[in-house]
Amino acid sequence: QVQLVESGGGLVQAGGSLRLSCAASGRTFSSYAMGWFRQAPGKGREFVAGISRSGGNTDYADSVKGRFTISRDNVKNTVYLQMNSLKPEDTAVYYCAAARLSSMLLVTPTELNYDHWGQGTQVTVSS
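Residues numbered from 1 in each chain as written. Predicted model: local features only at pLDDT ≥ 70, side-chain atom pairs only at ≥ 80, totals over all residues. Heavy atoms only, no water.

A. Region of the structure containing the state of the cysteines. Summed over the entire model, instances satisfying the criterion amount to one disulfide. Disulfide partner of Cys22: Cys96, at an S-S distance of 2.1 Å. The disulfide joining Cys22 to Cys96 has a torsion of about -75° about its S-S bond and is therefore left-handed. Taken together, the positions of Cys22 in strand β3 (residues 18–24) and Cys96 in strand β9 (residues 92–100) put the pair 74 residues apart, joining distant regions of the chain. (Disulfide = S-S within 2.5 Å. Helix = DSSP H or I, 4+ residues; strand = E, 2+ residues; numbered from the N terminus.)

Structure (structure tokens):
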């Protein structure tokens, strides 16, 4: 079991930056591929970024490529999402999620593969 707690959300102007953090409890953090998802008002939850268990492989939604960077620290049991050049359309609740995958190298954008979810953190980008 792993519990996830996000932090770092807030209000920022368009063009600004935020860094989200997701702290995981337990000793098995490195057993999980990690992902960030988001849900805007009136819309479904969508994949934003994912990172493999080793941290060596990453994947991004086309809408955030070149602006967002996902990383992880398996010693601190934390995954990060650095968000730069933010746009109003990035406004959403951002969720951290953990997927128990056997491979150290796989990244998954599929929501159903994620077993554990955080409570979410609000990101609001003003124009």
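Picking up after the structure, the text goes on.
B. Inspection of unusual backbone geometry at higher detail. The backbone of Asn77 shows a phi angle near 55°, a positive value even though the residue is not glycine. Of note, Asn77 is situated in the loop between β7 (68–73) and β8 (78–83). For Asn77, a relative accessible area of 16% puts it in the buried group. Of note, the phi angle at Ser85 is positive, near 50°, even though the residue is not glycine. Of note, Ser85 is situated in the loop between β8 and β9. (Buried < 20%, exposed > 50% of the residue type's maximum accessible area, 1.4 Å probe, protein only.)

C. Region of interest: the pattern of salt bridges. In total, this model carries five salt bridges according to the counting rule given. Among the salt bridges present, the one from Glu46 reaches Arg38, with a minimum N-O distance of 2.6 Å. A salt bridge links Asp90 to Arg38; the shortest N-O distance between them is 2.9 Å. Taken together, the residues Asp90 in the loop between β8 and β9 and Arg38 in strand β4 (residues 32–39) connect sequence positions 52 residues apart. Both residues of the pair, Asp90 and Arg38, belong to the buried class. Sharing partners across several salt bridges, the network here consists of Arg38, Glu46, Arg67 and Asp90. (Salt bridge = Lys/Arg side-chain N within 4 Å of Asp/Glu carboxyl O.)

D. Local environment of the packing of aromatic side chains. One pass over the structure, following the stated rule, counts four aromatic pairs. Aromatic rings pair up to connect Phe37, Phe47, Tyr114 and Trp117 into one cluster. It is Arg45 that lies over the ring of Trp117; its NZ or CZ is 3.8 Å from the centre. Over the ring of Phe29 we find Arg72; its NZ or CZ atom is 4.4 Å from the centre of that ring. (Phe/Tyr/Trp six-rings, centres within 6.5 Å; stacked < 30°, edge-to-face > 60°. Lys NZ or Arg CZ within 6 Å of the ring centre and 35° of its normal.)

E. How the structure looks around the pairing of strand β5 (residues 45–51). Counting buried residues in β5 gives five out of seven residues, a clear majority hidden from the surface. Connecting β4 to the next strand, β5, in antiparallel fashion are five residues, including Gly42 with a positive phi near 75°. As paired strands, β5 and strand β6 (residues 58–60) are joined by three bridges and run antiparallel to one another. Paired with Gly50 across the two strands is Asp59, which belongs to β6. A loop of six residues connects β5 with β6, the two strands running antiparallel in sequence, and Gly55 in this loop sits at a positive phi of about 85°. (Pairing = 2+ DSSP bridges.)

F. Fine view of the sheet that holds β7. Strand order in the open sheet made by the four strands is β1-β3-β8-β7, with antiparallel pairing throughout. The strands lining the two open edges of the sheet, one partner per strand, are β1 (4–7) and β7. The sheet shows a mean angle of 15° between the axes of neighbouring strands, direction not considered. Of the strand pairs in this sheet, β3 and β8 are connected by six bridges, and their pairing is antiparallel. Residue pairing in the sheet places Cys22 in a bridge with Val79 of β8. (Axes fitted to C-alpha atoms, helices over the stretch in contact; angles between N-to-C directions.)

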